[in-house]
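Spelled out from the first residue to the last, the chains are:
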Amino acid sequence: MTPPAAASAAARTRFDDTTTESTAASAAEADAQAPAPSGLPGNGDDDPDERTAADPAAQGRTLVASSPTGARFTRPGGMFSSLRVRNYRYYFAGQVVSNTGTWMQRIAQDWLVLSLTGSPLAVGITTAMQFLPMLLLGLFGGVLADRMPKRRLLIYTQGAMGLLAAGLAVLTIGGIVTPYYVYGFALLLGLVTVVDNPTRQAFVSEMVGPKDLANAVSLNAANFQTARLVGPAVAGLLIAAVGSGWAFAVNAVSFAAVIGGLLAMRTSELRPIEPIAREKGQLREGLRYVKERPELLWPMVLAGFIGTFGFNFPTLLSGFAYDTFKVGAGQYGLLNTAMAVGSLAGALLAARRGAPRLRWLVGAALGFGVLEVVAAFAPDYWTFALLLMLIGVFGLSFNTSVNSALQLATDPEMRGRVMGLLVLVFTGGTPIGAPVVGWVTASYGPRLGLLACGLVSALAAGVVGLVLARSADLRVRFDLHPGRGGRVVAFVPRTAPATKSGLAAAC
């Protein structure tokens, strides 16, 4: 659904102007002299930060800027670099199991409600009940994430989710479940998610540190998308064989993997943030914190538009399958698979990059919107499926970029509230955007519905990009003959300051 001081944004970037040319040269020289990295998953090299601190050559590869806490960020360490950290490996393995169970429950829950009522509207009500708490209470979840030890809080929330899945399994297998029971369990699950989601997002940095944060966020997304491919298929087989209730039971058991991973972590290797004391006004403090920092505010605004209007694929894809291309359930499922494959590819590509820059997330959002516009005019089913894969790549690139960019730019004691706000604007807008898109699709057809979603996303990306560039006093420079190492399109200062501002560096 994953998941900042102004000067801190510089930690995520290389500079475009000549002030960093010497830094890049010295980094390249250090790379040539440094030994090949030996830290691989499972070889016992569980603390890359200690290795960097003890290795002068590795320090030479560190970027010049710092985060709000003074941490220094190195170049990307490979697609799976964060898996070198033992605690994160345990967390990642548990999430593989749990995410698969979660997708199984999603499919089984929708099928159960549809079989009980025969009404797609009832399925929509169930989804709304699950997302409504995030819209109303999402900010409070971020406050709790900052007030409590995150590992302990996750054990509680994951346990509560497991109990809810077990309860729904018992009612379903016992044959006494009704739609209203399902609505109630969906609402309770949404209430737990209000706390669980921002806590999980903020806990990543405590496991891997700032250097591998962007990579870990991307691998989390890849993990989720892999489960998105596997979970529905397993759920379909299980529902056909023994019924929806056993899919809920499997999901309940899957939470044991996450809780076991959390309990098995070495707490001495975590980087815990001291919980803040309970005081009045902490919610307003979080909102004010974001409002005063454009490198947080405008990506947050963009995430709100993309999440509310851009990501409404359940309604749109069913419309394209049944009304536009007139295909069956199997080919409708293939559209969802194409989207998931593209999203997985986007997550893995993002894992290869270092810490994201604001231009990347704006560019990803713009590409996402433009591709939706193009897909609205797709002439046939297979062209549409191919475009969905590309939409998945750009959509996941935006998701991971905005998540890691905001976390890296946030002071640790504010991270829970900032991530709570991100979850609120990105997923909490679903109860608002989904009915609007559904109405447009029902009244004017799925092509116009997708066209509207793409236009809103692309327009929002363009406006936010211009606002960020103006706030950072940057302009776009085009050079058709950039020379070796140059760029055809680059952001450069309108004036020639001695040093770049934090926002300018982040762009």
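Residues numbered from 1 in each chain as written. Predicted model: local features only at pLDDT ≥ 70, side-chain atom pairs only at ≥ 80, totals over all residues. Heavy atoms only, no water.

Draft legend 1. Spotlight on unusual backbone geometry. With phi around 55°, Lys-326 is a residue other than glycine that occupies positive phi space. Structurally, the position occupied by Lys-326 is in the loop between helix H12 (313–324) and helix H13 (329–352). Judged by its relative accessible area of 65%, Lys-326 falls in the exposed class. (Helix = DSSP H or I, 4+ residues; strand = E, 2+ residues; numbered from the N terminus. Buried < 20%, exposed > 50% of the residue type's maximum accessible area, 1.4 Å probe, protein only.)

Draft legend 2. Structural context of the pattern of salt bridges. Summed over the entire model, instances satisfying the criterion amount to seven salt bridges. As a salt-bridge pair, Arg-200 and Asp-196 come within 2.6 Å of each other at their nearest N and O atoms. Within this pair, Arg-200 and its partner Asp-196 are both found in helix H7 (residues 179–208), separated by four residues, close to a single helical turn. In this structure, Asp-212 and Lys-211 form a salt bridge, with 3.5 Å as the shortest nitrogen-oxygen distance. Of the two residues, Asp-212 and Lys-211, neither departs from the other in class, the shared state being buried. One continuous salt-bridge network, built from bridges that share partners, spans Asp-146, Glu-285 and Arg-417. (Salt bridge = Lys/Arg side-chain N within 4 Å of Asp/Glu carboxyl O.)

Draft legend 3. Spatial organisation of the packing of helix H11 (residues 294–310) against helix H14 (residues 358–376). Interaxial distance between H11 and H14 falls to 11 Å at its minimum, and their mutual angle equals 20°. Comparing their axes, H14 and H11 come out roughly parallel. Pair H11 / H14 crosses with left-handed handedness. Between H11, through Glu-295, Pro-299, Leu-302, Ile-306 and Gly-310, and H14, the contact on the second element is made entirely by Leu-358, Leu-361, Val-362, Ala-365, Phe-368 and Glu-372. Of the residues that constitute the contact of H11 with H14, the class distribution is eight nonpolar, one polar and two charged. (Axes fitted to C-alpha atoms, helices over the stretch in contact; angles between N-to-C directions. Parallel < 35°, antiparallel > 145°, perpendicular 65-115°, else oblique. Left-handed = near helix turned anticlockwise from the far one by under 90°. Contact = heavy atoms within 4.5 Å. Nonpolar A, V, L, I, M, F, W, Y, C, P; charged D, E, K, R; others polar.)

Draft legend 4. Helix H15 (residues 381–408), seen in detail. Its 28 residues place the ends of H15 41 Å apart at the C-alpha level, agreeing with the 40 Å of an ideal helix rising 1.5 Å per residue. For H15, the side-chain oxygen to backbone nitrogen distance between the N-cap and Trp-382 is 3.2 Å, and the N-cap itself is Asp-380. (Expected span 1.5 Å × (residues − 1). Polar contact = N/O pair within 3.5 Å; in protein donor to acceptor, adjacent residues only side chain to side chain.)

Draft legend 5. Molecular detail of the packing of helix H4 (residues 86–117) against helix H9 (residues 244–264). The contact between H4 and H9 brings their axes to 8 Å, and the two run at 165°. Regarding the angle of H4 to H9, the classification is roughly antiparallel. The two elements H4 and H9 cross, and the hand of that crossing is left-handed. When the residues that make up the contact of H4 with H9 are grouped by side-chain class, the tally is 15 nonpolar, eleven polar and one charged.

Draft legend 6. Local environment of the environment of Ala-235. Within the element layout of this structure, Ala-235 appears in helix H8 (residues 213–242). For Ala-235, a relative accessible area of 0% gives the class buried. Each C-alpha atom, one on Ala-235 and one on Trp-246, is 9.1 Å from the other, the two residues being eleven residues apart in sequence. Beyond its immediate stretch of four places on either side in the chain, Ala-235 contacts Met-104 and Ile-107.

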